[in-house]
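# Tertiary structure, described
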Amino acid sequence: MFRQFFSKIPKKSLKQDSPELARSNSFTQPTTTTSSASPGAHHKSNGGDKDKSSSGGGRSSVVKRTSSAVFPASVVAGIEPLIPFKDVPNAEKMNLFVSKVSLCCVSFDFTDPTKNCIEKDVKKQTLIELLDFVASASMKFSEPAILAMCRMCAVNLFRVFPPNYRSSSHHTENNDDDEPMFDPAWPHLQIVYDLLLKFITSSCLDTKVAKRYIDHSFILRLLDSFDSEDPRERECLKTILHRVYGKFMVHRPFIRKSISNIFYRFVFETEKHNGIAELLEIFGSIISGFALPLKEEHKIFLRRVLIPLHKPKSLGAYFQQLSYCVMQFIEKEPKLASVVIKGLLKYWPITNSQKEVMFLGEIEEILESINMVEFQKVTVPLFWRIGCCINSFHFQVAERSLFLWNNDQIVNLIAHNRHVVLPIIFPVLEKNAKSHWNQAVLNLTLNVRKMFSEMDDVLFLSCHTQFREEEAKLSLTAEKRKEAWGQLENAARHQPIAGNTAVLVTPLSTSIAC
């Protein structure tokens, strides 16, 4: 098996084709078997059985299927890949690099640790040697070497997650304690990811050449991998994509657009994706680098992507990163604060208490930095919603909304707009003080009530008088309604039921909650 594995490596020097011809063999085209490195070699796959090679007449082992095309023979330098880098002259090191990379363009089945142990170990050692070489490289990477690296990374990293693997990742939104699933191939994948990161960040990589191979297709496959269930893989992808964004300026608009498309599909179609938090973390860094004044396309991203991202039930999985992105926009352009608050009110989670608590936390963070003009644009709808939260029977929602009055900045905003805020909030506080079941909420309500009284005693008494009058009117209206229904019921009893005559029944009293 060991000898057969290395029979795939070319023994004679091959003339390299032009870069144009090399690039024509796309590294994203799938294949089901690993081809021989010899130009004339071919074989057919039959699971794990051995086939005859038409090029050498001998038998060679067919390794597990790969997720991308095998590295073409036309760009493989004819140097024995097991030779250490230190044993070849500098002029040959890049050719040796290509040979070693081509050796790693074979995928194995890591679900069975007993299969292909020797080959797996040889590949691992080769990857480690390549990692050391790239980390200490002092010469420019040639175009065949760049293509070789992109091909090898595509073979090893870019794969389609099986349906059961994908579906198992989407737990119920309330079950946050589920253990994440870990890929059994991760010890092997981690080395490839580290190698790709070192390669992209290397000073020996010519960006003008590399952008032809780390292209839109490569970036899209990289973004597809963010749906991996393994959090370690997503963390590596986050770092790599951030470096790609920083190094390849020409790809920046495409990366932003592609990430936006993932968010669109998540919000408006599937609500299923494992990497939303990591992608938002990348965008947080991108937003912090936006120049002022903000371009219109960036504001559209805030309105059409970031604000709707508050809608999915799984908000808790990425809320921290989303809130950070939103605040980055507000810090850069304060007038966007009212836009964000209106968006939050639009997507307010009336039937989801956990999300309500998160929304209230984000509202507080926004109000800490909002200016007076923007605050006055949203005062009425905002405090109407906060009033509903104060009256919530879920004590955490009521408690979190009352905690807003512990923030000095928010109290200052309220004090300057008390003639608008207090008439909205006063009836809510009175209702809580009379009937809320939770003692902590009751105490907080009395504290806020006292705060308003000390803030403006005249206004407080005026609101109190108005509240009493409204209560009296409502009570009188209720009595009149009850009396009217009584008269109708009494009259109906004396009427005989015949034909299609409607039967009058006593209506049930109903109330509409916030």
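Residues numbered from 1 in each chain as written. Predicted model: local features only at pLDDT ≥ 70, side-chain atom pairs only at ≥ 80, totals over all residues. Heavy atoms only, no water.

Per an unreviewed UniProt entry, the recorded name for the protein chain is Serine/threonine protein phosphatase 2A regulatory subunit, and the organism is Dipteronia dyeriana. The UniProt entry for the protein chain carries the following text under Function (unreviewed entry): "The B regulatory subunit might modulate substrate selectivity and catalytic activity, and also might direct the localization of the catalytic enzyme to a particular subcellular compartment." The Subcellular location (unreviewed entry) field of the UniProt record for the protein chain holds the comment "Cytoplasm". (UniProt positions renumbered as here; feature names shortened; annotations may be inferred.)

## Quick notes on the overall build of the protein chain
Within the protein chain, the regular secondary structure consists of 22 helices and 2 strands. Burial statistics for the protein chain: of 514 residues in total, 48% are counted as buried. Summed over its atoms, the accessible surface of the protein chain is roughly 26200 Å², and 54% of this surface lies on carbon and sulfur atoms. (Helix = DSSP H or I, 4+ residues; strand = E, 2+ residues; numbered from the N terminus. Buried < 20%, exposed > 50% of the residue type's maximum accessible area, 1.4 Å probe, protein only. Areas by Shrake-Rupley, 256 points an atom, 1.4 Å probe, with all protein chains shown as cover.)

## Some words on the packing of aromatic side chains
Applying the stated criterion to the full structure yields 18 aromatic pairs. Taking the centre distance of 6.3 Å and the plane angle of 70° together, the rings of F383 and W405 count as edge-to-face. Note that F383 is positioned in helix α17 (residues 372–390) and W405 in the loop between α18 (395–402) and α19 (408–416), a separation of 22 residues in sequence. Taken together, the ring pairs connect F85, F97, F133, F141 and F199 into an aromatic cluster. (Phe/Tyr/Trp six-rings, centres within 6.5 Å; stacked < 30°, edge-to-face > 60°.)

## Notes on the pattern of salt bridges
When the charged atoms of two side chains lie near each other, side chains of opposite charge can form a pair. Overall, the coordinates contain 18 salt bridges when judged by the stated rule. For E297, the salt bridge goes to R256, with nearest N and O atoms at 3.8 Å. Taken together, the positions of E297 in helix α13 (residues 296–306) and R256 in helix α11 (residues 252–270) put the pair 41 residues apart, joining distant regions of the chain. Relative accessible area serves as the criterion here: at 45%, E297 is assigned to the partly exposed category. For R256, a relative accessible area of 13% puts it in the buried group. Among the ionic pairs, K299 bridges to E333, the shortest N-O distance being 3.0 Å. Of this pair, K299 sits in helix α13 while E333 is found in the loop between α14 (319–332) and α15 (337–346), placing the two residues 34 residues apart along the sequence. By relative accessible area, which is 14% here, K299 ends up buried. Each of E235, K238 and E281 takes part in one network of salt bridges that share partners. (Salt bridge = Lys/Arg side-chain N within 4 Å of Asp/Glu carboxyl O.)

## Looking at α15
Burial analysis of α15 places 7 of its 10 residues in the buried class, which makes it a mostly covered element. Among all positions in α15, only A337, S338, V340, I341, G343, L344 and L345 are buried. Looking at the packing, one finds that the buried side of α15 touches α13, α14, α16 (353–369) and α17. (Contact = heavy atoms within 4.5 Å.)

## A few points about the nonpolar core
Among the nonpolar cores identified, the biggest contains 130 residues, and F97, L306 and W405 are the most heavily contacted of them. Looking at this core element by element, the count peaks at 10 residues for helix α5 (residues 143–157). Those residues within four positions of F97 in sequence are excluded, and the remaining contacts are F85, L130, F133, V134, F141, A145 and M149. (Core = buried A, V, L, I, M, F, W, Y, C linked by side-chain atoms within 4.5 Å.)

## Points about the packing of helix α20 (residues 418–435) against helix α21 (residues 439–455)
One way to put it is that α20 packs onto α21 with a least axis distance of 10 Å and a crossing angle of 145°. For the pair α20 and α21, the crossing hand works out as left-handed. Along the contact surface, α20 presents R418, V421, L422, I425, L429, E430, N432 and A433, while α21 presents V441, L442, T445, L446, V448, R449, F452 and M455. Classifying every residue of the contact of α20 with α21 gives 11 nonpolar, 2 polar and 3 charged. (Axes fitted to C-alpha atoms, helices over the stretch in contact; angles between N-to-C directions. Left-handed = near helix turned anticlockwise from the far one by under 90°. Nonpolar A, V, L, I, M, F, W, Y, C, P; charged D, E, K, R; others polar.)

## Quick look at the packing of α5 against helix α7 (residues 186–201)
Two elements in contact, α5 and α7, have axes separated by 10 Å at closest approach and are oriented at 150°. Judged by the angle between their axes, α5 and α7 are roughly antiparallel. Two packed elements cross with a definite hand, and for α5 against α7 that hand is left-handed. For the pair formed by α5 and α7, the contact residues are I146, M149, M152, C153, N156 and L157 on the first element and H188, L189, V192, Y193, L195, L196 and F199 on the second. (Parallel < 35°, antiparallel > 145°, perpendicular 65-115°, else oblique.)

## A word on the side chain of S353
Following the sequence through the fold, S353 ends up in helix α16. Setting aside residues no more than four positions away along its own chain, S353 makes contact with H394 and V397.

## A look at the state of the cysteines
Going through the model one piece at a time under the given rule, you end up with 0 disulfides. Left without a disulfide partner, C104 is nearest to the cysteine sulfur of C105, which lies 7.2 Å away. (Disulfide = S-S within 2.5 Å.)

## A look at the environment of A291
With respect to the element layout, A291 can be found in the loop between α12 (276–288) and α13. A sequence separation of 41 residues divides A291 from K332, and the C-alpha atoms of the two residues are 8.8 Å apart.

## Overview of α19
Because the α-helix completes a turn every 3.6 residues, residues three or four places apart line up on one side. Among the residues making up α19, those that are buried are I410, V411, L413, I414 and A415. Buried residues in α19 make contact with α16, α17, α20 and α21. Capping the start of α19, N407 holds a side-chain oxygen 3.0 Å from the backbone nitrogen of Q409, two or three residues further along. (Polar contact = N/O pair within 3.5 Å; in protein donor to acceptor, adjacent residues only side chain to side chain.)

## Describing the environment of A185
Here A185 is to be found in the loop between α6 (163–167) and α7. Along the primary structure A185 and P113 are separated by 72 residues, whereas in three dimensions their C-alpha atoms are 9.7 Å apart.

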